[in-house]
Amino acid sequence: MDLADTTQEAEFRAGLREWLAKTLPSLPTAPSPDNWPGRRAYDLGWQRTLYDAGYGDVHWGADPAVRMIFLEETEKAGAPYVGANFVGLLHAGPTVAAEGTDEQRARWLPPVLRGEEVWCQGFSEPDAGSDLAALRTRARREGDEYVVSGSKIWTSHAEVADWCELLVRTDPDAPKHRGITWLAMPMDAPGITVRPLRTLAGSNEFAEVFLDEVRVPVANRVGEENDGWRVTMVTLSFERGTAFVGEVVACRRVLGELALAARENGRWDDPVLRRGLGRLNAEFRALWRLTQWNVSEASEAARGVPGVGGSVFKLRYSHARQELYEAAAEVLGAGGAALDLEQPWVLDRLSSLSYTIAAGTSQIQHNIVAERVLGLPKGR
């Protein structure tokens, strides 16, 4: 496989580098991590800047090579991350693009691309985390509306979201995987209560969401009633298969910074540490190639949906990221490893602890790889 840029790709890369070099110095200072209204405005502003420059639609619909070049170059240049736009751009948007009607795509996709609306994810519940299909949030149909009651937890960016990709149970008597429906819920609907959750690192990008007789139009259903589990698998394929692509580039950058810091503070003389950094370098190079394969596979698949290779990536990436920041603690030494959020990499190290849980636990990914990739029998 020839992984070198074609002439057209090289021109795209050069043009993007030139635009980033001209644009990034003029961006306003990013707000503090716990100022989510400010972060929303900042992240939407960056998305609008990308849109106006012709780069707004690279996360879906673009050629996979173009998408990879965009992610690689923006990360290398230190451009803002998607931030509050994460769910809309990388989860809900691609799902609507793949599964929505023409009317739904016309309503929901342009505002995401233009940096006008933010989405949150209402999947997990207090008693339905890894076993997502055990969710209990109910939706009964009354005419042209669903009336929804229940609760969600770990709802990303709920405080500042306009829409929520919401999983509800529409048939409580059906087998648990067959009675679920995927809805787009407006977050300003009456009956919604949002309570922020504070993470170990002190941020509050997650929330509990309580739903009390919330009315959602039937027209906001993506896919058929009770077919939501299949639609959810599409969403999770994007979440695990392509949503972490930019983070692999970020980890490779951090690894280079770690090696430089180790040389400066004398830790480079430790052969065990050097060997560990070398192994991580090989690991992230392999993960980058796997992301290229996953993105290319998604572009060739029906509706652009990634395959089960996303679970292979998610499983290994989660652990590699944790190992990266364990190595950072070794490089920093005892003083830098303390919970001082002003120290480099400490915030990311705390965040890395969640990666074997977020977007499906490693145990769930092991099951998916065993059953869908290796063809092993399901456990009883």
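Note that the coordinates shown come from a computational prediction; the quantities given were computed from them, not determined experimentally.

A. Representation of the overall build of the protein. Tallying secondary structure elements over the protein gives 11 helices and eight strands in all. Buried positions account for 51% of the 380 residues belonging to the protein. Put simply, 73% of the contacts in the protein that link residues at least 6 apart link residues at least 24 apart. Accessible area of the protein: about 17,800 Å², with a carbon and sulfur share of 51%.

B. Quick peek at the packing of helix H1 (residues 7-23) against helix H2 (residues 36-52). H2 packs onto H1 with a crossing angle of 135° between their chain directions and a minimal axis gap of 12 Å. Relative to H2, H1 is oriented oblique. Handedness of the crossing formed by H1 with H2: right-handed. Taken together, the residues of H2 that come into contact with H1 (itself represented by Trp19, Leu20 and Thr23) are Trp46, Thr49 and Leu50. The class makeup of the residues in the contact of H1 with H2 is four nonpolar, two polar and no charged.

C. Seen up close, the pattern of salt bridges. Taken as a whole and judged by the stated rule, the model has 24 salt bridges. Taking the shortest distance from any N to any O, the salt bridge between Glu75 and Arg253 comes out at 3.0 Å. Here Glu75 is found in helix H3 (residues 64-76), whereas its partner Arg253 is found in helix H7 (residues 245-265), with 178 residues between them in sequence. A relative accessible area of 36% places Arg253 in the partly exposed class. Note that Arg105 and Asp102 form a salt bridge whose closest N and O atoms lie 2.4 Å from each other. Linking Arg105 with Asp102, this pair stays in helix H5 (residues 102-113), spanning three residues, or about one helical turn. For Asp102, a relative accessible area of 55% corresponds to the exposed category.

D. The arrangement of the packing of aromatic side chains in detail. What the rule picks out here adds up to eight aromatic pairs. For the ring pair Phe12 and Tyr55, a centre distance of 5.8 Å and an interplane angle of 75° mean the geometry is edge-to-face. Of the two residues, Phe12 is situated in helix H1 and Tyr55 in the loop between H2 and H3; the sequence distance between them amounts to 43 residues. Exposure remark for Tyr55: the relative accessible area of 11% places this residue in the buried category. Geometrically, the ring pair formed by Trp108 and Trp119 is edge-to-face, given 5.8 Å between the ring centres and 90° between the ring planes. Taken together, the residues Trp108 in helix H5 and Trp119 in strand E1 (residues 119-122) connect sequence positions 11 residues apart. Take Trp108 and Trp119: they sit in the same class, and that class is buried. What links up through ring pairs into an aromatic cluster is the set Phe12, Trp19, Trp46, Tyr55 and Phe70.

Calculation rules
- Residues numbered from 1 in each chain as written.
- Predicted model: local features only at pLDDT ≥ 70, side-chain atom pairs only at ≥ 80, totals over all residues.
- Heavy atoms only, no water.
- Helix = DSSP H or I, 4+ residues; strand = E, 2+ residues; numbered from the N terminus.
- Buried < 20%, exposed > 50% of the residue type's maximum accessible area, 1.4 Å probe, protein only.
- Contact = heavy atoms within 4.5 Å.
- Areas by Shrake-Rupley, 256 points an atom, 1.4 Å probe, with all protein chains shown as cover.
- Axes fitted to C-alpha atoms, helices over the stretch in contact; angles between N-to-C directions.
- Parallel < 35°, antiparallel > 145°, perpendicular 65-115°, else oblique.
- Left-handed = near helix turned anticlockwise from the far one by under 90°.
- Nonpolar A, V, L, I, M, F, W, Y, C, P; charged D, E, K, R; others polar.
- Salt bridge = Lys/Arg side-chain N within 4 Å of Asp/Glu carboxyl O.
- Phe/Tyr/Trp six-rings, centres within 6.5 Å; stacked < 30°, edge-to-face > 60°.

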